[in-house]
Amino acid sequence: MSAALPPLAGAKDRLLPASVPVPYFAAALAFHGLAWLSLAAAAEWVPGFAGGLGPPLAALHLVTLGVLAMVAVGASLQLLPVALRAPMPLPVAARAVHLLLVAGVPVLAWGMASGRVLPLSLGGVAVSSGLALFAALAAAALARARGSSLVIAHVWTALACLLALALLGLALLGDFVHGWLPDRAALAAVHLAIATYGFLGLLIMGLSQILVPMFALAPNPPARPGWIALGLAAFGVALAGAGWFLAGAIAGLAAALLHTSLMALVLRRRARRRLGPSFVLIGLGWAMLPASLVLGAGLAFGILPRGFAPIFVLVLVGGWLLSTVLGVLMRILPFLATLHAAKRGRRLMRVEELGDERLLWVQVGAHLSALPMVALGAALNAPALVWMGAMVGAVGAGAFLLFAGLVAWRYYELPPRAGAPAELRERGA
Ligand code: HEM
C-alpha cells in the first residue's frame, strides 16, 4: 500500500539558515573538480592500483569524503528537520562539522598522496572527528524525529556504519605508521564495504524514499518491500563486515535489485513527465549499483583477476555513488533556492528558471564520457586515456560549478514578491 505524497508541506518553516547547508554543497562542487584534477595527476598509478598509500588513494578520498560524504552530511542536516520533522541541529555545531571536513579532507588527501605521517594523522583525526560529530548531531535529531519509520531506520543503520568506517579508516592509517594490522588488505576491504554500501548506500536508499517521489511528483513507494530491502542490505553489509564478502555481495545484490525495482515503480507512477538531466545520472546510478556488486562478487569469488579491482572501485564510486549524488544535487540546489526565496518574501521562479539546464547537460555528457575512458585506461594499462578521461570529468565539474553559481546569482537578483511584508520589500530581502 503506498503512503501519501511526501510530507514536505511547510518545509520552508523548517529550513536551516542557508549559511549552514549551502557551504557543504559549495565545498562538494569544488572538491569534485579537485578530485578529477588529482585523478589526472595520478593517472600513471591508476592501472594496477590495488590499494595502499599513493596519489590514487588521495583522489579516491577527495571524491568519497570531499564530495559524497560532504553532500550526504549537508543534505541530511537539512532533510532530517524538513522530511522527518526532527529538531533542527544547532547551526554552530553543523558549521563545526563543515569546518572539520573542509579543512581535514585536503590535509588527509595530501597525507595519502605523499605518505607523510603528520598530514595523515592531522587530516585523519579532523575528518573522523567531523564525521563523529555529525553522527552525534544526526542521532540526537533522529531520536526525536516523527517521520517515516522506514527512512529513520535507514538513517540509524547508516550512522552505525559511519562510526565503524571512521574507526576502520583510522586503524588503516595507523597501520601505515605502526604496522599493527595482521591482515591489512582484508580490513581495507571491510572499510570499503562499510563506507560505500553501508554508510553512503543506506543513506541514499533511505533518503531516496523521500527525494525520488518528491523530484518526480509521485506517490511514495510501498513500505513493506522497502523494509525487506533494508534488511537484506544491512545483512549484506554485516556479512561483508565479518569478512564474508561473497555472501555479503549476494545479499547486497538482492537488496539492490529490490530497491531499484521500487524506484522504477515510483517513476512509473509519476506525474512529472520530463525528468531532465538529473535523472540520467540517478538512473545510471541505479544500473551501476548492481553492476558493482556483480564485479565485487566476481573479485571475492576469484573469477575476476585482481587487475579488475580499479574498475570495480570506479563502477562503485564513480558509476553508482557519484552519479547518484550529482543527480540529486542538480535538483536540491535550485529547490533549496526556491524554498529560501519563498521564506524571504522574494518573487518565486520555477525551479528550472533558476539555473541553466544546458550546463547540467554538459555535466552529464562529461560524466558519461569520463567514466568509460578512465575504466578503459585502467583496463588497457593506458595512463594517457585515464588522464584524458579525468580531464573530461573536470570539464563537467566546471560546468556544474557554473550552474550552481548561476543559481546563487539569480537567487540574489530576485526582486521582492508583490504582497510581501513592506519591511522585506524595503530591505530588498
Ligand atoms: C564515506 C567515507 C569513505 C569512503 C566511501 C571510503 C572509501 C574507501 C575505499 C573505496 C577504499 C579502498 C581503496 C582500494 O583499496 O581500492 C578506501 C581505502 C582506505 N581508506 Fe577510506 N573511505 C572513506 C573514509 C575514510 C576515512 C575517514 C579514512 C581515515 C580516517 C579513510 C582511510 C582509508 C585508508 C587508509 C585506506 C587504504 C587502505 C589500503 O588499501 O591500505 N577512509 N576507502
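This one's a predicted model, so the numbers in the text were calculated from it and none came from an experiment.

Cut-off values and rules
- Each chain carries its own residue numbering, running from 1 in the written order of its sequence.
- The predicted origin of the model limits local features to residues at a pLDDT of at least 70 and limits the giving and counting of side-chain atom pairs to 80 or more, whereas totals for whole chains, interfaces and linings rest on all residues.
- Calculation of side-chain values draws on the structure's entire complement of heavy atoms; hydrogens and water are dropped beforehand.
- Only nitrogen, oxygen and sulfur atoms qualify as donors, and only when within 2.8 Å of the metal (3.2 Å in the case of Na, K and Ca); with water excluded, sites may look incomplete.
- Only two sets of limits are used to name each site, 85 to 135 degrees for every angle of a tetrahedral four-donor site, and over 155 degrees for opposite donors with all other angles from 65 to 115 for a square planar four-donor or octahedral six-donor site, with any other site named irregular.
- For helices the rule is a DSSP run of H or I covering at least 4 residues; for strands it is a run of E covering at least 2, with both sets numbered from the N terminus onward.
- The rule is simple: take the accessible area with a 1.4 Å probe, protein chains only, and divide by the maximum for that residue type; under 20% is buried, over 50% is exposed, in between is partly exposed.
- Whether a residue is near a molecule or strand is decided by its heavy atoms; if any one of them lies within 4 Å of it, the residue is near.
- By the criterion applied in these results, polar contacts are pairs of N or O atoms within 3.5 Å in which, for protein atoms, one can donate a hydrogen and the other can accept it, and in which residues neighboring in sequence qualify only through two side-chain atoms.
- Each residue carries a pLDDT value, the predictor's own confidence for that position, ranging from 0 to 100.
- Any pair of residues with heavy atoms lying within 4.5 Å of one another is described as a contacting pair.
- Structural elements are reduced to axes, namely lines fitted to C-alpha atoms, with helices fitted over the stretch in contact, and the angle between N-to-C directions of any two is expressed from 0 to 180 degrees.
- In this scheme, a crossing is called left-handed if the near helix is turned counterclockwise away from the far one by less than a right angle; it is called right-handed if the turn is clockwise.
- Throughout this entry, Asp, Glu, Lys and Arg are counted as charged residues, while Ala, Val, Leu, Ile, Met, Phe, Trp, Tyr, Cys and Pro are counted as nonpolar. The remaining residues, Gly among them, count as polar.
- When a carboxyl oxygen of Asp or Glu is within 4 Å of a side-chain nitrogen of Lys or Arg, the pair counts as a salt bridge.
- In these notes, a set of buried Ala, Val, Leu, Ile, Met, Phe, Trp, Tyr and Cys residues joined through side-chain atoms within 4.5 Å is what counts as a nonpolar core.
- Note that the term roughly parallel is reserved for angles under 35 degrees, roughly antiparallel for angles over 145, roughly perpendicular for angles of 65 to 115, and oblique for everything else.
- In this scheme, a helix's expected span is set at 1.5 Å multiplied by one less than its residue total.
- In this analysis the local bend is the angle between axes fitted, respectively, to the seven residues ending at and the seven residues starting at the residue.

## Some details on the coordination of the iron atom of the ligand
Then step 1. Around the iron atom of the ligand, the donor atoms from the protein are His 61 (NE2) and His 191 (NE2), and they sit 2.0 to 2.1 Å away.
Then step 2. For the iron atom of the ligand, the six donor atoms in the first shell make angles of 87 to 179° at the metal, a pattern classed as octahedral. Of this pair, His 61 sits in helix α2 (residues 55-84) while His 191 is found in helix α6 (residues 184-216), placing the two residues 130 residues apart along the sequence. Take His 61 and His 191: they sit in the same class, and that class is buried.

## Notes on the site of the ligand
Then step 1. In the region of the ligand, 27 residues are neighbours, and Gly 51, Gly 52, His 61, Arg 184 and His 191 sit closest.
Then step 2. Contacts to the ligand include His 191, whose side-chain N or O atom sits 2.8 Å from a nitrogen atom.
Then step 3. For the shell around the ligand, the secondary structure elements donating two or more residues are α2, α4 (117-142), α5 (149-178) and α6.
Then step 4. In terms of residues, the shell around the ligand owes the most to one element, α6, which gives eight residues.

## What about the confidence of the model for the chain?
Then step 1. Scored by pLDDT, the chain has a mean of 91; 92% of the residues are at 70 or more.
Then step 2. With pLDDT under 50 throughout, residues 1-6 is counted as low confidence; its partners more than four residues away or in other chains account for 16 contacts.
Then step 3. Of the regions scoring below 50 in pLDDT, residues 422-429 engages in 12 contacts with residues more than four places distant in sequence or in other chains.

## Here we look at the packing of α6 against helix α9 (residues 276-301)
Then step 1. Direction vectors running N to C along α6 and α9 enclose 145°, while the axes themselves pass 13 Å from each other. α6 and α9 meet at a crossing whose hand is left-handed. Contacts between α6 and α9 involve Tyr 197, Val 212 and Phe 215 from the former and Phe 279, Trp 286, Leu 289, Ser 292 and Leu 293 from the latter.
Then step 2. A breakdown of the residues in the contact of α6 with α9 according to their chemical character gives seven nonpolar, one polar and no charged.

## Observations regarding the pattern of salt bridges
Then step 1. Counted by the stated rule, this structure contains three salt bridges.
Then step 2. Its salt-bridge partner being Glu 357, residue Arg 274 comes within 2.6 Å of it at the nearest N-O pair. Here Arg 274 is found in the loop between α8 (245-268) and α9, whereas its partner Glu 357 is found in helix α12 (residues 357-379), with 83 residues between them in sequence.
Then step 3. Of the charged contacts, one joins Asp 356 and Arg 358 as a salt bridge, the two residues approaching to 2.8 Å between their closest N and O atoms.

## A word on the nonpolar core
Then step 1. Counting 145 residues, the largest nonpolar core has Trp 36, Phe 199 and Phe 400 as its most contacted members.
Then step 2. In terms of residues, this core owes the most to one element, helix α10 (residues 309-343), which gives 20 residues.

## Re the environment of His 259
Then step 1. Looking at the element boundaries, His 259 is found in helix α8.
Then step 2. Accessibility expressed as a relative area gives 3% for His 259, which makes it buried.
Then step 3. Separated by 33 residues in the primary sequence, His 259 and Gly 226 have C-alpha atoms spaced 6.9 Å apart.
Then step 4. What His 259 contacts, discounting residues up to four positions off in sequence, is Met 205, Ser 208, Gln 209, Ala 229 and Trp 286.

## With respect to the packing of α2 against α4
Working note: a packed helix pair is described by the angle between its axes plus the distance between those axes.
Then step 1. At their nearest, the axes of α2 and α4 sit 11 Å apart, and the two run at 15° to each other. With respect to α4, the element α2 is oriented roughly parallel. The two elements α2 and α4 cross, and the hand of that crossing is left-handed. When α2 is examined against α4, the residues Leu 65, Val 73, Ser 76, Leu 77, Leu 80 and Leu 84 are found in contact with a partner set consisting of Val 127, Leu 131, Phe 134, Leu 137, Ala 138, Ala 141 and Leu 142.

## A word on helix α3 (residues 91-114)
Then step 1. Here α3 is 24 residues long and its end C-alpha atoms lie 35 Å apart, about the 34 Å a rise of 1.5 Å per residue gives.
Then step 2. Its axis deflected by about 30° at Gly 104, α3 carries its strongest bend there, up to four residues before the proline Pro 106.
Then step 3. Looking at α3, one finds that the buried residues are Ala 93, Ala 94, Val 97, His 98, Leu 101, Gly 104, Val 105, Leu 108, Ala 109, Gly 111 and Met 112.

## Let's talk about α6
The α-helix advances 3.6 residues per turn, and as a result positions three or four apart in sequence lie on the same side.
Then step 1. Along its length, α6 reaches its greatest deviation from straightness, about 50°, at Ser 208.
Then step 2. With respect to burial, α6 is a largely interior element, 26 of its 33 residues being buried.
Then step 3. Directly after α6, the chain includes Leu 217, whose backbone phi takes a positive value near 55°.

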